[in-house]
Amino acid sequence: MLKIIEKIHTKWLTIVLSFILFPALSYAWSGKVVNVADGDTITVRPENGPQIKVRLYGIDCPEKAQPYGQKARDFTASMVAGKFVDVEVKATDRYKRTVGLVSINGVNLNESIVKNGYAWVYRQYCKESFCMDWSKLESVARQQNNGMWADPHIIPPWDWRHSGGKKQVSGASYSGKTGNDQTQQNDAAGVYHGNVNSHKFHRLGCKHYNCKNCTATFGSKEDAVAAGYSPCGICRP
């Protein structure tokens, strides 16, 4: 009996110490999706416990007020609404939401949203090794005009949020603008494209703007330069 008690005590002591010494380690649980707020935020009710709001790790979908925001939400809902999912917890964000990887029947939801063109890889926060694979999927989705990439002027949600939701751009917004006016329009819209191979970035109107490898998006020239890109010698952004 004493040996059994010692084994149980050792097991639980190991578990407790693992959380104390390695708090960043992920863990997983399962539950039913009871709400889809937007493309990258869902609410899941575990089998035994209160419902939990989950922010999908490593991706950022258009806000619902943006073009394709509702379609991103609809895509996510089509995959998981009312269904049981597995949640691998990665962190807790500043809004006290669980940040995690969500899968259904072995299919990774986060990755599927990127693959189908309804999310950017959130490079600022996506630091796992698989994030590079997701970036490649994003590039393919962009090249194939999947989902939101059918709109060449789609604005990254972090730029949209930073502007207070005021940024909204269409192709017509740029007609007749050249020189400094064009530069100001580009800075306002966050539409600089960077070539991931040459590490040159281009402004809207440049013949290389939508090149095959121009899959990086920047909100300003400063952002592009900070990321290690240099201005195109042709369009001189």
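Everything below is about the structure shown above.
Residues numbered from 1 in each chain as written. Predicted model: local features only at pLDDT ≥ 70, side-chain atom pairs only at ≥ 80, totals over all residues. Heavy atoms only, no water.

Q: When you look at the overall build of the protein in this model, what are you seeing that I'm missing?
A: Within the protein, the regular secondary structure consists of seven helices and twelve strands. Counting the 237 residues in the protein, one finds 43% classified as buried. Intrachain contacts of the protein at a sequence separation of at least 6 include 57% that bridge at least 24 residues. With an accessible surface of roughly 13200 Å², the protein has 54% of that area assigned to carbon and sulfur atoms. (Helix = DSSP H or I, 4+ residues; strand = E, 2+ residues; numbered from the N terminus. Buried < 20%, exposed > 50% of the residue type's maximum accessible area, 1.4 Å probe, protein only. Contact = heavy atoms within 4.5 Å. Areas by Shrake-Rupley, 256 points an atom, 1.4 Å probe, with all protein chains shown as cover.)

Q: Could you clarify how one ought to interpret the nonpolar core in this entry?
A: A general feature of soluble globular proteins is that nonpolar side chains tend to end up buried together. Grouped together as the largest cluster of nonpolar side chains are 31 residues, with contacts concentrated most on Val-44, Ile-59, Val-85, Val-87, Val-102 and Ile-113. When residues in this core are grouped by element, the largest group, five residues, is from helix H2 (residues 69–80). Setting aside anything within four residues of it in sequence, one finds Ile-113 in contact with Gly-39, Leu-56, Ile-59, Cys-61, Phe-75, Thr-76, Tyr-118 and Ala-119. (Core = buried A, V, L, I, M, F, W, Y, C linked by side-chain atoms within 4.5 Å.)

Q: Would you mind going over the pairing of strand S1 (residues 27–38) with me for this structure?
A: Both faces of the sheet carry side chains from a regular strand, because those side chains alternate between them. Pairing of S1 with strand S5 (residues 84–92) involves six bridges; the strand directions are antiparallel. Residue pairing for S5: Ala-28 is matched across the bridge by Glu-88. The pairing of S1 with strand S2 (residues 41–46) spans six bridges and is classified as antiparallel. Bridging from a neighbouring strand, Asp-38 pairs with Thr-41 of S2. If you look at the hairpin formed by S1 and S2, you'll find two residues sitting between the two strands. (Pairing = 2+ DSSP bridges.)

Q: It is not clear to me how the sheet that holds strand S9 (residues 192–194) should be interpreted in this structure. Could you clarify?
A: Sheet strands pair by backbone hydrogen bonding; their relative direction is either parallel or antiparallel. Strand order in the open sheet formed by four strands is S11-S9-S10-S12, with mixed pairing between adjacent strands. Among the strands making up the open sheet, the edge pair consists of strand S11 (216–218) and strand S12 (230–231). One ladder, built from two bridges, connects S9 with strand S10 (residues 200–202); its direction is antiparallel. When the sheet's bridge partners are listed, His-193 is paired in S10 with His-202.

Q: Please explain the packing of aromatic side chains as it appears in this structure.
A: Remark: the centre distance and the inter-plane angle together describe each pair of aromatic rings, the angle taken between the planes. As enumerated under the stated definition, the model contains eight aromatic pairs in all. For the pair Trp-120 and Trp-158, a centre-to-centre distance of 5.9 Å together with 70° between the ring planes defines the contact as edge-to-face. Taken as a pair, Trp-120 in strand S8 (residues 120–121) and Trp-158 in helix H5 (residues 157–162) lie far apart in primary sequence, 38 residues in all. For the ring pair Phe-130 and Trp-134, a centre distance of 4.8 Å and an interplane angle of 40° mean the geometry is tilted. Classification of Phe-130 by relative accessible area gives partly exposed; the value is 23%. The class for Trp-134 is buried, based on a relative accessible area of 1%. Put simply, the rings of Trp-120, Tyr-122, Tyr-125, Trp-149 and Trp-158 touch in pairs and so form one group of aromatic residues. One Lys or Arg, Lys-90, reaches over the ring of Tyr-57 and ends 5.9 Å from the middle of that ring. (Phe/Tyr/Trp six-rings, centres within 6.5 Å; stacked < 30°, edge-to-face > 60°. Lys NZ or Arg CZ within 6 Å of the ring centre and 35° of its normal.)

Q: Mind showing me how you'd approach the state of the cysteines here?
A: Working definition of a disulfide: a covalent bond connecting the sulfur atoms of two cysteines. Tallied over the full model, the rule gives two disulfides. Two residues share a disulfide in this structure: Cys-126 and Cys-131, whose sulfurs sit 1.9 Å from each other. Between Cys-126 and Cys-131 the disulfide shows an S-S torsion of about -85°. By sign, it is left-handed. Residue Cys-126 shares its accessibility class with Cys-131, and that shared class is buried. Each sulfur in the disulfide pair Cys-211 and Cys-214 lies 2.0 Å from the other. Because the torsion about its S-S bond is 90°, the bridge between Cys-211 and Cys-214 counts as right-handed. The class of Cys-214 is buried, set by a relative accessible area of 2%. Sequence-ordered numbering of the bonded cysteines in the protein gives a pairing of 1-2, 3-4. (Disulfide = S-S within 2.5 Å.)

Q: Explanation requested: the side chain of Arg-142 in the structure shown.
A: The residue Arg-142 is located in helix H4 (residues 131–143) in this model. Dropping the residues within four chain positions of it, Arg-142 is found in contact with Trp-149, His-193, Cys-214, Thr-215, Ala-216 and Thr-217.

Q: Would you explain the pattern of salt bridges in this entry?
A: Between side chains of opposite charge, a pair can form as their charged atoms come close. Under the criterion given, the structure shown has ten salt bridges. Residue Arg-55 is joined to Asp-40 by a salt bridge in which the shortest nitrogen-to-oxygen separation is 3.6 Å. With Arg-55 in strand S3 (residues 52–56) and Asp-40 in the loop between S1 and S2, the pair connects residues that are 15 residues apart, well separated along the chain. Each member of the pair, Arg-55 together with Asp-40, is buried. For Lys-90, the salt bridge is made with Glu-128, and the minimal N-O distance between the two is 3.0 Å. Here the residue Lys-90 occupies a position in strand S5, and Glu-128 occupies one in the loop between S8 and H4, the gap between them amounting to 38 residues. Through salt bridges that share partners, Asp-40, Arg-55, Asp-60, Glu-63 and Arg-161 make up one connected network. (Salt bridge = Lys/Arg side-chain N within 4 Å of Asp/Glu carboxyl O.)

What is shown is where atoms sit, not what they do.
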